[in-house]
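# Descriptive structure summary
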Amino acid sequence: MSTKNKILIIGECRESSIHHVTFELVSEGAELSKKNNGEVVVLVPGYKIDTAQTEGLFKAGADKVILLDHEKLQQLNDVHYLRNIAAVINEEEPGIVLAGATPQGRSLMPKLAITMKAGLTADCTELDIEEGTGLLLQTRPAFGGNLMATIKTPKHLQMSTVRPKVFKVETGYSKEKNITKFTYIDGDSPLKIIEAVRSIEEMVNLADSDIIVSGGRGLGDKANFKVVFDLAAKLNAAVGASRAAVDAGWISYAHQVGQTGTTVMPKLYIALGISGAIQHQVGMKSADYIIAVNKDSNAPIFNVADYGIVGDLFEIAPKLTELLG
Amino acid sequence: MKRVVVFIKQVPDTAELKIDPVTNTMIREGVPSIINPFDMYAIEEALKIKDKWGDTETVVMTMGPPQADAALREAISMGIDKGILLSDKKFAASDTWATSYILSKAVEKLGDFDVLIAGKQATDGDTAQVGPGVATWLKIPSVTYVRKIDELEPGHAKVERMRSEGFDIIEVKGKFLMTVLKELNEPRIPSFRGKMAAKKAEIPVWGADDLNTDEANIGFTGSPTRVVKAFTPPPKKGGIKVEGDDLETVKGVFKFIKENHLA
Ligand SMILES: Cc1cc2nc3c(=O)[nH]c(=O)nc-3n(C[C@H](O)[C@H](O)[C@H](O)COP(=O)(O)OP(=O)(O)OC[C@H]3O[C@@H](n4cnc5c(N)ncnc54)[C@H](O)[C@@H]3O)c2cc1C
Ligand SMILES: Cc1cc2nc3c(=O)[nH]c(=O)nc-3n(C[C@H](O)[C@H](O)[C@H](O)COP(=O)(O)OP(=O)(O)OC[C@H]3O[C@@H](n4cnc5c(N)ncnc54)[C@H](O)[C@@H]3O)c2cc1C
């Protein structure tokens, strides 16, 4: 087997726990490896990694797991991460490297791509292997989702970041449990993470959620956001917001969906009191299902909604929360 | 004198983009060009740094066609000291790898600097790769998704980086590059004096020869990635629309959620 068929997944940990996107990438990698006769190697960098979870990586389709466990990888210090990931790539010599299109992946991969002289395709939503050439076909949205582009890297290492929640995790593989450890390489870093602030209020997780409930100016004030939070809690959903709601100071910027906020692609997006301005739409219209509640039947949000209700959100949202209870 | 360099990109105003309903392709003719929205926050931050440090030159750079000159002048009208246009036929079709190489060569030509600032992401290419790429070429660290600056002095900074589950407080030693978010500031409105300065400003144009770029690293040949196909996703059609806020109506949406196994 040529090393060029090898698919290396750059895994990701939140605290000690291996993040869901890593499993998704392993399963997609396994799918691709059937087409290019390759193998799937997953690197898990982190600290005090929950090794029991490696079981799940093999079931998801991994051929080999490389653990890179060190105190200095507890926080995302890019310099320490890059030094070690680059060394793993040099040792493994993969033809394809995939990472999640998470803040971590989108921070590390562009820097790796330069040092590795690799082509890097951002934020992919579809991957395939080209027949004949065996090259990776990477499809991604650009222009705020107005355009889809398929990209390939014919001559260099092929790298992509892949959106979370796009690929399904398989659990049916029975692979040999081949686990190795990579010894951390130390060095200096001009960066120092003084504190990693993780609070409930800051838990936004827009990119990782299957369901997002968003509120807009129609909420009227900050206290009224409770109806959004209540519905979100019932659905185990993340809370999003329009820019108008953020600018009004009702909710923090991390919740903003849209062109100058976050682009999301959940299974279900519920918009409450959001008019659906184009800058909001570009951030959410790729959701599988969109439900919109707005009292103005001409609101543009209805043009993209699969299910629209013209009515008062303060009547509708609490009733829906009840029904879901 | 201290120096802050900002990278800006001219992009089509996505709010004005329309899809041809017959061919299902993007109509770009007549779509106005604007400064990439995230870059406005980068410009503003550079101006704030200058306000604080004094004795600082603020420079904006863009790589693009000759008409990108307008973006540089707009930045100058906001108070930026100097604009540089990186334009050459040989730069055309550069991917993010090649673009960041070209920008890094321009920074080298410019000389010393203290901080580099880029937007989080351009609204057309949408990759968020150019900023960190430039830093890597220049062998300096970068911090992406900066939402707040706690301290910033030449050679030392403390900034907050947004994460999906919170934020990191990061200390940086030495020169560095940051990519910035909307949360950071409120871009100022151009002043009358700024507009005059923008009109009069001389914008140098640097090409491949000026930058001494390696042909193997620029343009189409220097780009590892190739766009092999571009297509417009099928337009989303509005679906069911009902009116009312009584329980029966809400039961309808509840059923929709259940039927589609959404919760
Ligand atoms: C460069 C640029 C970038 C931008 N980026 C973003 C971005 O990232 N994200 C973003 O969201 N916007 C963005 N915007 C702003 C965008 O253009 C809109 O101004 C914004 O999305 C409006 O927010 P909204 O829908 O909450 O408010 P509005 O447009 O005011 O809509 C409020 C809606 O609530 C409805 N409503 C009121 N009361 C009720 C009720 N009781 N029940 C039901 N419905 C009710 C109203 O009918 C109305 O449709 C950007 C703009 C620019 C120029
Ligand atoms: C449909 C489509 C898809 C593409 N996909 C990819 C891909 O996946 N991978 C890839 O490598 N290339 C890709 N490209 C090419 C890429 O768009 C260009 O290289 C572009 O010049 C820079 O990328 P960006 O627009 O994504 O910028 P981003 O990296 O998103 O921009 C971030 C910041 O970098 C700065 N910046 C970006 N461009 C410039 C510039 N020209 N001058 C000055 N500052 C700048 C700005 O501060 C900006 O806010 C694609 C192009 C198209 C048309």
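Calculation criteria
- Residues numbered from 1 in each chain as written.
- Chains lettered and ligands numbered in written order.
- Predicted model: local features only at pLDDT ≥ 70, side-chain atom pairs only at ≥ 80, totals over all residues.
- Heavy atoms only, no water.
- Helix = DSSP H or I, 4+ residues; strand = E, 2+ residues; numbered from the N terminus.
- Buried < 20%, exposed > 50% of the residue type's maximum accessible area, 1.4 Å probe, protein only.
- Contact = heavy atoms within 4.5 Å.
- Lys, Arg positive; Asp, Glu negative; His and termini not counted.
- Charge placed at Lys NZ, Arg CZ, Asp CG, Glu CD.
- Rg over C-alpha atoms; globule rule 2.2 N^0.38 Å.
- Domains from an automatic or database assignment.
- Buried area = accessible area lost by both parts, 1.4 Å probe.
- Polar contact = N/O pair within 3.5 Å; in protein donor to acceptor, adjacent residues only side chain to side chain.
- Near = heavy atom within 4 Å.
- Areas by Shrake-Rupley, 256 points an atom, 1.4 Å probe, with all protein chains shown as cover.
- Nonpolar A, V, L, I, M, F, W, Y, C, P; charged D, E, K, R; others polar.
- Core = buried A, V, L, I, M, F, W, Y, C linked by side-chain atoms within 4.5 Å.
- Salt bridge = Lys/Arg side-chain N within 4 Å of Asp/Glu carboxyl O.
- Pairing = 2+ DSSP bridges.
- Axes fitted to C-alpha atoms, helices over the stretch in contact; angles between N-to-C directions.

### Re the overall build of chain B
Counting its secondary structure elements, chain B contains 8 helices and 15 strands. Reported as C-alpha extents along the three principal axes, the dimensions of chain B are approximately 70 × 45 × 40 Å. Residue burial in chain B is summarised as follows: out of 263 residues, 56% are buried. Considering only contacts within chain B whose residues lie at least 6 apart along the sequence, 71% involve residues at least 24 apart. When the 37 positive and 39 negative side-chain charges of chain B are each reduced to one mean point, those points stand 1 Å apart.

### A word on the overall build of chain A
A tally of regular secondary structure across chain A gives 8 helices and 18 strands. The C-alpha atoms of chain A give a radius of gyration of 21 Å, which matches the 20 Å a tight globule of 325 residues would have. Overall size of chain A, expressed as C-alpha extent along the three principal axes, is 60 × 45 × 35 Å. In chain A, which comprises 325 residues, the proportion classed as buried is 63%.

### A few points about the domain arrangement of chain A
Residues and elements named next belong to chain A. Assigned domains within chain A: domain 1 (3-181) and domain 2 (211-324). Just the C-alpha atoms count here: the centres of domain 1 and domain 2 sit 32 Å apart. The interface of domain 1 with domain 2 comprises 6 residues on the first partner and 4 residues on the second. Interface area for domain 1 against domain 2, summed over the two sides, is near 460 Å², with a carbon-plus-sulfur share of 53%. The largest contributions to the domain 1 side of the interface with domain 2 come from Gly144, Asn146 and Arg163, which together make up 66% of the buried area. Put simply, domain 1 and domain 2 have 1 residue pair in polar contact (both at pLDDT 80 or more) between them.

### Concerning the site of ligand 1
All names here are of chain A. Arg217, Ser242, Gln256, Ser275 and Asn294 are the nearest of the 25 residues found near ligand 1. At 2.7 Å, a side-chain N or O of glutamine 256 approaches an oxygen atom of ligand 1. The contact in question runs from an oxygen atom of ligand 1 to an N or O atom on the backbone of glutamine 259, over 3.0 Å. Summarising the interface, the protein chains cover 78% of the accessible area of ligand 1, which totals 990 Å² for the free molecule. Elements with a contribution of two residues or more to the shell around ligand 1: α6 (243-247), α7 (278-284) and α8 (313-324). For the shell around ligand 1, the residue count by class is 6 nonpolar, 14 polar and 5 charged.

### What to know about the nonpolar core
Membership of the largest hydrophobic core comes to 98 residues, with the highest contact counts inside it found for Val213, Phe225 and Tyr269 of chain A together with Ile8, Ile43, Ile117 and Phe176 of chain B. For this core, the leading source of residues is helix α1 (residues 37-53) of chain B, giving 9 residues. If sequence neighbours within four positions are ignored, tyrosine 269 of chain A has contacts with Ile212, Ser214, Val257, Val264, Ile274, His280, Met284, Ala287, Tyr289, Ile290 and Ile291 of chain A.

### Quick word on the interface of chain A and chain B
Put simply, an interface is often sized by how much accessible area is lost when its parts join up. On the side of chain B, 84 residues touch chain A, which itself brings 88 residues to the contact. Buried surface at the junction of chain A and chain B, summed over both partners, amounts to about 7600 Å²; 62% is from carbon and sulfur atoms. Of all residues in chain A, Phe143, Tyr253 and Tyr307 of chain A bury the most surface against chain B, accounting for 10% of the area lost on that side. If you look at where chain A meets chain B, you find 3 salt bridges. Across the pair aspartate 78 of chain A and arginine 161 of chain B runs a salt bridge whose closest N-O atoms are separated by 2.8 Å. Summed over the shared surface of chain A and chain B, the number is 36 residue pairs in polar contact (both at pLDDT 80 or more). The element that contributes the greatest number of residues to the side of chain A that touches chain B is helix α4 (residues 103-115) of chain A, accounting for 9 residues. Of the residues contributing to the side of chain A that touches chain B, the split by class is 45 nonpolar, 23 polar and 20 charged. Relative to strand β11 (residues 166-173) of chain B, strand β13 (residues 191-197) of chain A runs antiparallel, the two being bridged by 6 bridges. Within β11 of chain B, the position partnered with isoleucine 193 of chain A by the bridge is isoleucine 170 of chain B.

### Observations concerning the sheet that holds strand β6 (residues 56-63) of chain B
Read from one edge to the other, the open sheet built from 10 strands follows the order β13(A)-β11(B)-β10(B)-β9(B)-β12(B)-β8(B)-β1(B)-β6(B)-β7(B)-β13(B), with strand pairing classed as mixed. Edge strands, defined here as strands with exactly one partner in the open sheet, are β13 of chain A together with β13 (205-206) of chain B. Note: strand β1 (residues 2-7) of chain B against strand β8 (residues 115-119) of chain B, 3 bridges, orientation parallel. Across the sheet, valine 6 of chain B pairs through a bridge with isoleucine 117 of chain B, a residue of β8 of chain B.

### Details of the site of ligand 2
Near ligand 2, the surroundings consist of 34 residues, among which Phe7, Lys9, Asp39, Thr96 and Thr127 of chain B are the closest. The separation between a nitrogen atom of ligand 2 and a polar main-chain atom of leucine 120 of chain A is 2.8 Å. Serine 94 of chain B places a polar main-chain atom, nitrogen or oxygen, 2.8 Å from an oxygen atom of ligand 2. When ligand 2 sits alone it has 930 Å² of accessible area, and the protein chains cover 91% of it. Secondary-structure elements contributing two or more residues to the shell around ligand 2 are β7 (118-124), β9 (136-142) and β10 (147-152) of chain A together with β6, α3 (96-110), β8 and α4 (130-137) of chain B.

### So, α4 of chain A
Three or four residues apart is the spacing at which side chains of an α-helix point the same way, because the helix has 3.6 residues per turn. Residues and elements named next belong to chain A. Among the 13 residues in α4, 12 count as buried, and that is most of the element. Taken as a whole, α4 has its buried residues at Pro103, Gln104, Gly105, Arg106, Ser107, Leu108, Met109, Pro110, Lys111, Leu112, Ala113 and Ile114. In the stretch just after α4, lysine 117 is the one whose phi turns positive, near 45°.

### Brief notes about the sheet that holds strand β11 (residues 157-162) of chain A
All names here are of chain A. Taking strand neighbours across the sheet as the criterion, the 7 strands line up as β7-β11-β6-β1-β4-β5-β12 in an open arrangement whose pairing is parallel. Looking at which strands have only one partner, the edges of the open sheet turn out to be β7 and β12 (179-181). Averaged over neighbouring strand pairs, the angle between their axes works out to 20° when direction is ignored. As paired elements, strand β5 (residues 64-69) and β12 share 3 bridges and run parallel to each other. Following the sheet pairing, valine 65 is matched in β12 by isoleucine 179. Where α4 meets the sheet, its contacts fall on β1 (7-10), β6 (96-100), β7 and β11, and the angle it forms with β11 comes to roughly 165°.

### A word on the side chain of threonine 136 of chain B
Structurally, threonine 136 of chain B can be placed in helix α4. Classification of threonine 136 of chain B by relative accessible area gives buried; the value is 15%. Of note is the side chain of threonine 136 of chain B, whose polar atom sits 2.8 Å from the backbone oxygen of proline 132 of chain B. Setting aside residues up to four positions removed in sequence, threonine 136 of chain B forms contacts with Lys111, Ile114 and Thr115 of chain A.

### Overview of the side chain of arginine 106 of chain A
Position of arginine 106 of chain A relative to the elements: it lies in helix α4. A distance of 3.3 Å separates the side chain of arginine 106 of chain A from the backbone oxygen of aspartate 126 of chain B, its partner in a polar contact.

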